[in-house]
Amino acid sequence: MKVGLSASGEAIKLAKLWRAVHGLTFPINAGALAQEWSRNVAPDAPIGELQARELPGFEGGLFWLKERKVWALLYHPHEDLPGRANFTVAHEFGHYVLHRKLQEAFQCSQSATLGITRAKIEREADQFASYLLMPIDDYTQQVRGRRITLDLLGECADRYGVSLTAAILKWLEFTDQAAVAVMGREGMLHWWKASSSAKKYALGALREGMELPSASLAVDPAQATSTADYRLGVEHADGVWPINLPLREMVVLSDRYDMSISLLVLDAPGVDHPDEPDEDMTTNLPSF
Ligand SMILES: [Zn+2]
């Protein structure tokens, strides 16, 4: 294994391998793929253990078991949130593919498995998981020409076996639309991520630690999700958010750290947004 493998490149190769064997069936089962691939590629150091286990303070881990000469991949069980476990397993598999020559133990926190950390290997493992489980060619087809709502992104999260949070963050990476995800906690902006065409509007306007706008859904997500039509989005005039554009805001409560996520779709000049409402309005509530 050479140093400096590309996280996205390796993940794309492995996703193709999975699809060659299983066809276009999703979700990709990260655990099955990790065990099978490691046995073939590194028979003297495979992932020999794959276990759901309570890990206080951690989402997942990867450990070299010297005596048995196998790696153990552990992940926090989330029976009600299977997508979150699948993403964590894919993240640990990323450490195996990319970093197993560097360390013999990896312990990964919640923020590491969501990509909101500055540690390089954690960001790489997260990017690996994202590219492995949500192939962009397929994801693009799922959303093409459709109005972006939490229902639609929730359908995609189900398709890929990931959390709604992961599906939202992935969509921002490839969409032509101008959109920003804002994570809020206790009235403050905790973190944000913009699509490429929205960066110029968000930069300078949004800052970590700033107060969430008083007229936003994000400032009181519990209230918003009980009253407003938050799943389809509420139209805000220019100025509700410090971004100088009219926008549509959707909000959802995250199961992570009592956070909310607002998805802002900006009415930016020169950017097309499909605005036909989904024909099927009866889909389930999105779940994290
Ligand atoms: Zn990690």
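This text goes with the structure placed above it.
In this text, all values refer to a predicted model and were calculated from it rather than measured experimentally.

*Asks:* An account of the overall build of the protein chain is needed here, citing residue identities and associated values.
*Replies:* A tally of regular secondary structure across the protein chain gives nine helices and nine strands. Burial statistics for the protein chain: of 288 residues in total, 55% are counted as buried. Counting every atom, the protein chain has about 13,400 Å² of accessible surface; 50% of that belongs to carbon and sulfur.

*Asks:* Describe the packing of helix α1 (residues 7–22) against helix α3 (residues 82–99), and please don't skip the residues or the numbers.
*Replies:* It is at 11 Å that the axes of α1 and α3 come closest, and there the two elements cross at 110 degrees. Put simply, α1 runs roughly perpendicular to α3. Note on packing geometry: the crossing formed by α1 with α3 is right-handed. Here α1 contributes Ala7, Glu10 and Leu14 to the contact with α3, which in turn contributes Phe93, Val97 and Leu98. Considering only residue class, the contact of α1 with α3 consists of five nonpolar, no polar and one charged.

*Asks:* Talk me through the nonpolar core; I want residue IDs and the actual numbers.
*Replies:* Core analysis: the largest hydrophobic core is formed by 67 residues, its most contacted members being Phe93, Leu132, Tyr139, Trp171 and Leu263. Summarising the domain contributions, this core has at least three residues from each of domain 1 (7–133) and domain 2 (148–266). Other than its neighbours up to four places away in sequence, leucine 263 contacts Ile148, Leu153, Ile168, Trp171, Leu172, Ala179, Val180, Ala181, Arg248, Glu249 and Met250. Counting 21 residues, the second largest nonpolar core, distinct from the first, contains Ala198, Ala202, Met210 and Trp241.

*Asks:* Can you break down the sheet that holds strand β2 (residues 60–65) residue by residue, with the values?
*Replies:* Reading across from one edge, β1-β3-β2-β4 is the order of the four strands in this open sheet, with mixed pairing throughout. One side of each edge strand has no neighbouring strand; the edge strands of this open sheet are β1 (47–52) and β4 (105–108). The sheet shows a mean angle of 15 degrees between the axes of neighbouring strands, taken without regard to direction. Taken together, the six bridges between β2 and strand β3 (residues 70–75) define a ladder with antiparallel strand orientation. Bridged to leucine 65 within β3 is valine 70.

Analysis parameters
- Residues numbered from 1 in each chain as written.
- Predicted model: local features only at pLDDT ≥ 70, side-chain atom pairs only at ≥ 80, totals over all residues.
- Heavy atoms only, no water.
- Helix = DSSP H or I, 4+ residues; strand = E, 2+ residues; numbered from the N terminus.
- Buried < 20%, exposed > 50% of the residue type's maximum accessible area, 1.4 Å probe, protein only.
- Areas by Shrake-Rupley, 256 points an atom, 1.4 Å probe, with all protein chains shown as cover.
- Axes fitted to C-alpha atoms, helices over the stretch in contact; angles between N-to-C directions.
- Parallel < 35°, antiparallel > 145°, perpendicular 65-115°, else oblique.
- Left-handed = near helix turned anticlockwise from the far one by under 90°.
- Contact = heavy atoms within 4.5 Å.
- Nonpolar A, V, L, I, M, F, W, Y, C, P; charged D, E, K, R; others polar.
- Core = buried A, V, L, I, M, F, W, Y, C linked by side-chain atoms within 4.5 Å.
- Domains from an automatic or database assignment.
- Pairing = 2+ DSSP bridges.

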